Amino acid sequence: MPPLSSRMTKNRPQPIRYRPGKAEVQDEVSEDEESESSEDEAAREEVAPRAPQPKATSFPSKKLAVDLSKADQQTSAAPKPVPKKQDDDLEGFVTASESSEEEAGGSSDEKGGESSEEEEESSDDEPKKPMLRPTFISKAKRAQQAQPQRSTEDEAAEMERKRKEKADEMLQAQLERDAANRAAGRKAWDDDADINPEDQVDDTDGIDPEAERAAWKLRELKRVRRDRLAIEEKEKEREEIERRRNMTAEEREAEDKVYIDAQNEEREGKGQMGFMQKYHHKGAFFVGDDEQDEEVKKVMNRDLAGARYVDESGDKGVLPEYMRIRDMTKLGKKGRTKYKDLKAEDTGRWGTDLGKKRRDYDGLDDRFRPDERGGGEREQTGANAQPVGERRRREDDGYRDRDDKRARYD
Amino acid sequence: MAHQADAKKSLDERGYTGALIRGDNPLKLFEKAVRDRIVDSYYWKEQCFGLNAATLLDRAVELTFIGGTYGVAQKPTPFLCLAFKLLQLTPDKEIILFYLEQEEYKYLRALAAFYIRLAWEKDADVYTTLEPYLSDSRKLKRRIREGWALTHVDEFIDDLLLKNRVCATTLPKLNPRLFLEDEDRLEPRVSALGEELEELDHDDERDSASDGEVEELPNGHANGDGRPGSDGEVVSDEEMDGD
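In this report, the structure presented in the accompanying data block is examined. (Residues numbered from 1 in each chain as written. Chains lettered and ligands numbered in written order. Predicted model: local features only at pLDDT ≥ 70, side-chain atom pairs only at ≥ 80, totals over all residues. Heavy atoms only, no water.)

1. Some words on the overall build of chain B
Step number 1: The helix and strand inventory of chain B stands at twelve helices and seven strands.
Step number 2: Counting the 243 residues in chain B, one finds 47% classified as buried.
Step number 3: In chain B, the proportion of contacts linking residues at least 24 apart, taken out of those at least 6 apart, comes to 62%. (Helix = DSSP H or I, 4+ residues; strand = E, 2+ residues; numbered from the N terminus. Buried < 20%, exposed > 50% of the residue type's maximum accessible area, 1.4 Å probe, protein only. Contact = heavy atoms within 4.5 Å.)

Structure (structure tokens):
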């Protein structure tokens, strides 16, 4: 006959595990239970009115040597661990170092199992026994730990002393540094702590009075000389102006001619600007210092217009119009506009209108102006201002008859 | 105006109601960049708060170098900070002259000279006040952008009178001395060399008179004059009194 089992399994019913916070409800226990669990049952029944206790616990469930009801009045023989200030919230937990003296008791708790609890726990059971943090300590280490530790109270005092000492030391060092800085004359804002003293210049006077006086004399003389030279320059200019004023007109012209001829001679040596050559002006500043080097003077006076690149092909006038651009790198690029250069695209009337008489139709719109008298020049620009003339033939267009609609490549 | 320890109002450009220099806030003599560096520096914040003319004297005698801004971050020198403070305070003429006349502290003198060049508006006064100190040949340490330089009090004052830009500030325009002499506002400068210069001039004339045609003297001559001696004598009597 199959065993009557409400659970439909052949497994033996295990004792219910402790799940914290969960109320333990066990069904009727089958007879196959081992005898070991019977004690638990008994224990359970004992504390039934209280909250159901966990099965696997090192807390003594049997008769205790100590009466739990008088918990507060108990004083234990074993040294109580003083909870450290910072462990107020962790008062229940005892770290390994503190609980080392209870380790022996603790480990035996776990090993002994429930049956031997009552004998071994009575010695070190305290009313408010803090929960042991189960840390494993090997046999070797256990031997070390067996030595009696100093009380943690003394330890705390010791730590305090050490900290005070360190603070004192640091303060001392700081004071010494301040004194040294003050002695060295360094100011608080002056963070040039790494001024190299060798780099610094010595400004003590009176090291060599003779030499210093001589140096000063030299400087003073230079200043005087500079002043005198300035006066002389001015004098020369005034003289020159006077002289020219006193000459007659012909003499002035003669002098000017000579000067201009000299300039032209200089220019002769230089080449001409080619067609559409890139123009570079040497600049209007830094002209004619007398103190310039020879090399600098040569550079400033070199021939800019006549300079040719080594691989320059020469006159751009022979090129087709499409290729007449200053900057050859832009040739052939897609999207190249018809823009040639600023000069060609300029639509301003630079000075052409000056000095012209006022006419009646000056402010009028282009549409209402009279036609040009005598078929004059096209002063007015703009696509619609000119009458339609003959279609301009572009040079590179190829001269085609009107009959042919496309270029022939025969 | 009552002395305000904070003197923040002068830094605020909007409602400035204080002494004007050349019609504007005195602090505007320094450029905005330099002003910002000064006001952000530790020296200014710690040492230059709540100074008046007397306490500024204490700071100034502790100066050990002149200079504008230096380093990568354009750090201002204490000299520059104190000059800025002087501009903020705009002390009286007597006080500045007192600073200038102190023989014992050369950096204080340099500071006063700098202030005079910046703040005084009458050119003739600037020249007449500063030129006597061209005979002060003491050494000054100068902090330049990377490192140090040696200069002298007379060189510094000469720079103040001639250059455009000294110590990180563009100096306000000063009419050149020749211009003032032509307008008869100033007498030509009497150099501190005085008699020695006259002696040198005489030597020069004697030499060139004996040489005759040789008028160009070599450059190494201490006097540096290349002119014929006779011309020099005539001109010097008229214009350069014992120069």
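Next comes the rest of the account.
2. Topic: the overall build of chain A
Step number 1: Helix and strand counts for chain A stand at nine helices and two strands.
Step number 2: Along chain A, from the amino end to the carboxyl end, the secondary structure elements read α-β-α-α-β-α-α-α-α-α-α.
Step number 3: A burial count over chain A gives 11% of its 410 residues as buried.
Step number 4: With an accessible surface of roughly 36100 Å², chain A has 50% of that area assigned to carbon and sulfur atoms. (Areas by Shrake-Rupley, 256 points an atom, 1.4 Å probe, with all protein chains shown as cover.)

3. A word on the side chain of Asp-136 of chain B
All names here are of chain B.
Step number 1: Relative to the helices and strands, Asp-136 resides in the loop between helix H8 (123–130) and strand S4 (139–144).
Step number 2: A polar atom in the side chain of Asp-136 sits 2.6 Å from the side chain of Arg-109.
Step number 3: If we skip the residues at most four places from it in the chain, Asp-136 touches Arg-109, Val-153 and Asp-154. (Polar contact = N/O pair within 3.5 Å; in protein donor to acceptor, adjacent residues only side chain to side chain.)

4. With respect to the layout of surface pockets
Residues and elements named next belong to chain A.
Step number 1: By volume, the largest pocket amounts to about 1200 Å³.
Step number 2: If you go around the largest pocket, you meet 40 residues; those closest to its centre are His-280, Arg-302, Asp-303, Leu-304 and Ala-305.
Step number 3: Mapped by element, the contributors of at least two residues to the lining of the largest pocket are helix H7 (249–268) and helix H8 (294–300).
Step number 4: Here the lining of the largest pocket is composed, by residue class, of 15 nonpolar, eleven polar and 14 charged. (1 Å grid on protein atoms, 1.4 Å probe; cavity = no way out; pocket = protein on both sides within 12 Å on 5 of 7 lines; lining within 4 Å. Points joined across faces, edges and corners; volume = space filled by probe spheres on them. Nonpolar A, V, L, I, M, F, W, Y, C, P; charged D, E, K, R; others polar.)

5. Digging into the side chain of Ser-191 of chain B
Step number 1: Mapped onto the elements of the fold, Ser-191 of chain B is located in the loop between helix H10 (177–182) and helix H11 (195–211).
Step number 2: Of the polar contacts made by the side chain of Ser-191 of chain B, one reaches the side chain of Glu-220 of chain A; its length is 3.0 Å.

6. Considerations on the sheet that holds strand S5 (residues 147–152) of chain B
Residues and elements named next belong to chain B.
Step number 1: Ordered in space as S1-S4-S5, the three strands form an open sheet in which the pairing is mixed. At either margin of the open sheet sits one strand with a lone partner, and together these are strand S1 (66–67) and S5.
Step number 2: Bridging between S1 and S4 involves two bridges; their strand directions are parallel. Within S4, the position partnered with Ile-66 by the bridge is Arg-142.
Step number 3: Taken strand by strand, helix H9 (residues 153–162) contacts S1, S4 and S5, and its axis lies near 90° from that of S5. (Pairing = 2+ DSSP bridges. Axes fitted to C-alpha atoms, helices over the stretch in contact; angles between N-to-C directions.)

7. A look at the pairing of S5 of chain B
The side chains of a regular strand alternate between both faces of the sheet.
Residues and elements named next belong to chain B.
Step number 1: Pairing between S4 and S5: six bridges, direction antiparallel. Bridging across to S5, Lys-141 finds its partner in Leu-150.
Step number 2: Hairpin connection from S4 to S5: two residues lie between these consecutive antiparallel strands.

8. Quick look at a negative patch on the surface
Step number 1: The grouping of Asp-261, Glu-265, Glu-266 and Glu-268 of chain A at the surface amounts to a negative patch.
Step number 2: With respect to the secondary-structure elements, Glu-265 of chain A resides in helix H7. (Patch = residues over 30% accessible without salt bridge, like charges linked within 9 Å, V, L, I, M, F, W, Y side chains within 5 Å. Salt bridge = Lys/Arg side-chain N within 4 Å of Asp/Glu carboxyl O. Lys, Arg positive; Asp, Glu negative; His and termini not counted. Charge placed at Lys NZ, Arg CZ, Asp CG, Glu CD.)

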